[in-house]
Amino acid sequence: MRIKVSPEIICAPATPEGYSALAVIRVSGKGSLDLIERIMSLKTGRLRGMRRKLGVISDNGKVIDEVIAFSWPAERSYTGEEMVEITCHGVPEIVRGIMDVLVRHGAGKAHNGEFTRRAFISGKLNAIQIMTLASKWNKGNEKGNISGRFGRECEEFINQIEKVKELLEGDIEFGEAHLDSERIAILTELSSLIRDSEKLIQQAGKIEQGQKVFLMGPVNSGKSTLFNILAGGKALVSDVPGTTRDGTRRNVELRGRKVLLCDTAGTGGEGLDIQASKTVLDEIQEFDKVVWMSQNGKESAPEELSSKLPEILEVASKSDLNQVSKKSFEENGKILKLSSITGEGILLLEEWISTSPGNMSLAGALDRTVNHIVNAEKFVTGDEFGIASEHLNEAEREIRSILGKGENLTLSVERALSSMCVGK
Amino acid sequence: MKISENTFDVIVIGGGHAGIEAVLAAERMGCSTLLVTARYSRIGEMSCNPAIGGIAKGTLVREIDTLDGSMGKAADATRLHFRMLNRRKGPAVWGPRVQSDADAYALFQRNYLERKAIRILEDEVIALEGSTENPEGIKCRKNGVVLGRTIVMAVGTFLRGRLFRGQSEWRGGRIGDIASDNLEEDIRRRLFHVERFKTGTPARIVRTSVDTGELGIQESEETDFRFSTDRKDLPGNREVCYLTKTNRNTMIAAKEYMHLSPLLAGRIDGIGPRYCPSYEDKVVKFPEREQHNIYVEPMGYRSRIFYLNGLSSSLPAEAQEKMVRSLPGFEKAIISDYGYAVEYSYFHHTEIAPSLRLRRTHNVFVAGQMCGTSGYEEAAAQGLLAGANAAGIVKGAKQLTPSRGNSYMGVMIDDIVSKGTDEPYRLFSSRAENRLHIRQDNADRRLYEFGKSLGVLSEGKSLLLELNMKEAAEIETVLSESIIERCQAAIWCRRPGAEAERLAELIPTLSSFSRDRIFSVMLDEKYSGYIRRSMKRDESRRRASSVNLSSITSYMEIKEICWEAREVLEKAKPRTLAEAERIPGIRPTDLEGLLLHLAGKRSTWNSSIKKETDQ
Ligand SMILES: Cc1cc2nc3c(=O)[nH]c(=O)nc-3n(C[C@H](O)[C@H](O)[C@H](O)COP(=O)(O)OP(=O)(O)OC[C@H]3O[C@@H](n4cnc5c(N)ncnc54)[C@H](O)[C@@H]3O)c2cc1C
């Protein structure tokens, strides 16, 4: 039996290939619920709303696997479309079998990052969130929080600007009909905007200037050598007083960006040495970055670390001992090969460190935002409502550009999307 | 010659504000014209309030005047009361508004048509004649078929007009007038997409029954402001407007009868939040607010009728009586005409091209209320453009539309044609992206070029505008060359409170120019930074919009955009992003999707767009 569905439905395995306890296949797009109900032989409507249903998927009468389907309505799903996740047993043949059934029933195989792309297009995620996600996933870890707090605050701020704009425009358009001008109310709102924007600036400052880059990894992985290369000749200040016993720190400027580079004591053997690293772990903030080094990338960053923050770069040190491809970083996007001797990978590493979240200068944009709001206030007082309105528009535009909703949103987002794997 | 033996270049249907400007524009362009209207005596009637202008609307009237229309002249000649709205909010948002003598206004328009020897036929048009693609003329109830090369339809609120008060409903486009049922039927039969809108008007009150001692008074501002550049003498007659406020009892009266309101029975959420036509609407939307301002405006000089601006209602007569009598000073008020609502058909925006031609025809244009707008000024501006473009077809001239960045006319046409509207469209100043440039003081300079290329300017007007342009250029030169108070004059103009009078004192060479002209150029200087930025944005938007989509062979394959959008785009096959943007039903997210798609293709476009946004 063939069911006609629009090719708008996409599907892809969301878990890595290979044997595992369970595997997940994601399906998204209008009509997904119908489709899954059909192939699981469920009654129509069983998957409406947020549901969980046990069932069987078979191919021409032959049972492939017993599965659980989780469904989301469009308003609540990741992509902003109807979505189902099928959890089956983690056997490659089963996953492939289910994928085949889906495709035969009209679903298309997703491209890289297509789920996220849809989330972006449906407005569920903004640029910052996507880029944060991308870097998280490049590490191969799906747990942990999305650091969307700052983004949410920006959104809230835009709402506030719009509120003031509505007041101002209403007063220009209908002030005469109401007789009593809203001037006072507008000015009050503007000063509270200014207060709030200063808070945002502080946060952005923390995100950018106060960013720390931690070099971590097992003992003898080459952290100190790397520290010296990165800090060598580039130290702005002499060693920061109060250097902790677990490492040395230095303010360095990489590609015009100031970061605090922190070397840490090496962990021994398996996992993170709690004793030595607890303090470091406590110190790390969501916008900090960690370079996790291990010889030839043998040991990946421990769970405690990768669940805590989005920006982790795994580095395989001493790559000069092996044959390595020069473009490995760009190509697999996962592990950067690095050699302290040949200098391989150092430039890429510097670039990674120096890019701020979202690739934009947050503090700069926010600074301009406040400026515009202060001007708006000045021109309301100075009887030039038309000019005040221009400044409010500019303020809004600045913030939107931070959120990637401005006019030049596309490229950095696209870059992030294409680095994702198909199930995301 | 008998009407039926002629073939007119341009036939205009409807002698309202749109029709008048349409027929006059076509006449100025040298076409043979005919105005067909249902009743001669109601040509140029102000169906609603006796006022012209307001915020954005006043600027629009000056634009109409620049294109040599008659609205500004009529408003100047019949004004009883003038106010520059937003006086204290900056010249960029000033809105000139006059109260006119409504009868005198209509008479002025009628006389103006007579003076221009416009041929007028009193009859009801009941159908277009001939094919839909290329009608040969119109069919009238009494006079039969009249042939015309082009046709402008401007029948206002009359297309299957239905009037409502309380639970009664009757036919009519306006109280005491016919409803154009036959014409509407013909339009539907030709499968044009029409929709229904509603609007309303307040009760009129017998003046002597009101105790005006109880009311606040708003005097007219005494300035020598004119809408028209011809600067004819202003009439000496003055009236004051009165002010009062609704109160708790007004609200109670309205609530008591609310269930009998024809408007609220079903359509309440179709009406936008910022634009409330009826009082009962306001009661529903702002239940906590008891006080609403009511302007009491005389319908004419020493007129015995007052218009109650702000108390539009279609509740039953009994309710209106209670509401009116709850107002202070109106305890014994006698209502001469009760308020009512009118429901009528208008053309869906997808039917209308930017020249105001109906897309499916070669030679039929629409203007005014029929395009989904409301307001005299909006109607007149469209009428003028429709008339000129109809004449353009006859003359073999190019079809033109003013640009969005340069006039409210352009903003309005672009809005109604490309976006459409789900409530009667009214012009607001905030609809313009380039508001600091689109001002009332520089309308003559902004639209001179457009008027010239449209070919709608009489010789006299053309000379006058040229002179204005020249003077402004001279003032500009003086400003750039003079130093006053150790400051370049142009920079001096940006100081808060800089005045033309003071400037003329400081620079004697300027004293021969009119203060208004000097002030207008000063404002150009004052706002220049903002205007430039806005124009640059406009430009970069246009450039981004000129992103070429020709590399897309099938829109159906583009995964970044939703299914519906793919179909629409596939059908329309836009060549640029700008064209895509204009297709009805395409949302901003679809455009982003298109950009994403192109970026994903890693074409050379990538680097070019990046360079542009970096600038
Ligand atoms: C009850 C009411 C309330 C209104 N309220 C508001 C308001 O609150 N705010 C606002 O801005 N505007 C309001 N207006 C609208 C305002 O009157 C119009 O916007 C404006 O008049 C539109 O101009 P027009 O030229 O399109 O049409 P109109 O001024 O209506 O002129 C139409 C003309 O066409 C003629 N005509 C009609 N059918 C035919 C036919 N078949 N054959 C020949 N001639 C025909 C009529 O006789 C009339 O002369 C209201 C109008 C009415 C009637």
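The model shown is predicted, which means the values in this text are computed figures rather than measured ones.

K.L.:
Explanation requested: the overall build of chain A in the structure shown.
P.N.:
Secondary structure summary: chain A contains 14 helices and twelve strands in total. Every one of the 424 residues in chain A was classed for burial, and the buried ones make up 53%. Total accessible area on chain A stands at roughly 19,200 Å², and carbon and sulfur atoms take up 51% of it.

K.L.:
What is the right way to read the overall build of chain B from this model?
P.N.:
Along its length, chain B carries 19 helices and 21 strands. Against the compact-globule benchmark of 25 Å for 615 residues, chain B has a radius of gyration of 26 Å, which places it among compact chains. By principal-axis analysis of the C-alpha atoms, chain B measures approximately 75 × 65 × 60 Å. A buried classification covers 60% of the 615 residues belonging to chain B. Restricting the contact set of chain B to residue pairs at least 6 apart, pairs at least 24 apart contribute 70%. Carbon and sulfur atoms make up 50% of the accessible area of chain B, which totals about 24,700 Å². Each charge sign in chain B was given a centre, from 91 positive and 83 negative side chains, and these centres are 2 Å apart.

K.L.:
How should I be thinking about the site of the ligand in this particular structure?
P.N.:
Residue and element names in this part refer to chain B. Surrounding the ligand, one finds 33 residues, the nearest of these being Ala18, Val125, Ser180, Gln369 and Gly375. Contact distances for the ligand include 3.5 Å between an oxygen atom and a backbone N or O atom of glycine 15. Glycine 375 is positioned with one of its backbone polar atoms (N or O) 2.7 Å from an oxygen atom of the ligand. In the complex, 96% of the free accessible area of the ligand, which totals 970 Å², lies under the protein chains.

K.L.:
Just to check I follow, could you spell out unusual backbone geometry for this structure?
P.N.:
Trans is the prevailing form of peptide bonds, just as negative phi is the prevailing case for residues other than glycine. Residue and element names in this part refer to chain B. The phi angle at arginine 302 is positive, at roughly 50 degrees, despite the residue not being glycine. By the element assignment, arginine 302 lies in the loop between strand 15 (293-298) and strand 16 (305-312). Its identity is not glycine, yet glutamate 485 carries a phi of approximately 45 degrees, on the positive side. Take glutamate 485: it is sitting in the loop between strand 20 (483-484) and strand 21 (487-488).

K.L.:
Quick question: what am I supposed to make of the pattern of salt bridges here?
P.N.:
When charged atoms on two side chains of opposite charge get close, those side chains can pair. All names here are of chain B. Using the criterion set out here, one finds 55 salt bridges over all chains in the structure. A salt bridge links aspartate 186 to arginine 189; its shortest N-O distance comes to 2.7 Å. Remark: arginine 189 and aspartate 186 occur in helix 5 (residues 181-189); sequence separation between them is three residues, near one turn of the helix. Under the relative-accessibility criterion, aspartate 186 is labelled buried at 3%. According to the relative accessible area criterion, arginine 189 is exposed, its value standing at 59%. Put simply, arginine 517 and glutamate 471 hold a salt bridge, and the shortest N to O gap is 3.1 Å. Of this pair, arginine 517 sits in helix 15 (residues 515-545) while glutamate 471 sits in helix 12 (residues 459-481); the two residues are 46 residues apart in sequence, bridging distant segments of the chain. Each of Arg28, Asp68, Lys73, Asp230 and Lys232 takes part in salt bridges that share partners, so that together they form one network.

So, how was this worked out
- Residues take numbers from 1 onward in each chain, read along the sequence in its written order.
- A letter from A marks each chain and a number from 1 marks each ligand, given out in the order of writing.
- Totals for whole chains, interfaces and linings use every residue, but because this is a predicted model, local features are given only for residues with pLDDT of at least 70 and side-chain atom pairs only at 80 or more, for both listing and counting.
- Side-chain numbers come from the whole structure's heavy atoms, not from hydrogens or water.
- Each helix corresponds to a stretch of at least 4 residues labelled H or I by DSSP, and each strand to a stretch of at least 2 residues labelled E; elements are numbered beginning at the N terminus.
- Any residue under 20% of the maximum accessible area for its type is buried, any over 50% is exposed, and the rest in between are partly exposed; the area is computed with a 1.4 Å probe on protein chains only.
- Residue-level accessible areas treat just the shown protein chains as cover; the underlying method is Shrake-Rupley with a 1.4 Å probe.
- When we talk radius of gyration, it's over C-alpha atoms, and the globule rule is simply 2.2 Å times the number of residues to the 0.38.
- By definition in these notes, contact holds between two residues if any of their heavy atoms fall within 4.5 Å.
- Charge convention: Lys and Arg are scored as positive, Asp and Glu as negative, and His as well as the terminal groups of each chain are ignored.
- To locate a charge, take atom NZ for lysine, CZ for arginine, CG for aspartate or CD for glutamate.
- Note on terminology: near, applied to a residue and a molecule or strand, indicates that one of the residue's heavy atoms is within 4 Å of it.
- For this analysis, a polar contact is any N or O atom pair within 3.5 Å, provided that within protein one partner can donate a hydrogen and the other can accept it, and provided that sequence-adjacent residues contribute only side-chain to side-chain pairs.
- Salt bridges, as used here, are contacts in which a Lys or Arg side-chain nitrogen is within 4 Å of a carboxyl oxygen on Asp or Glu.

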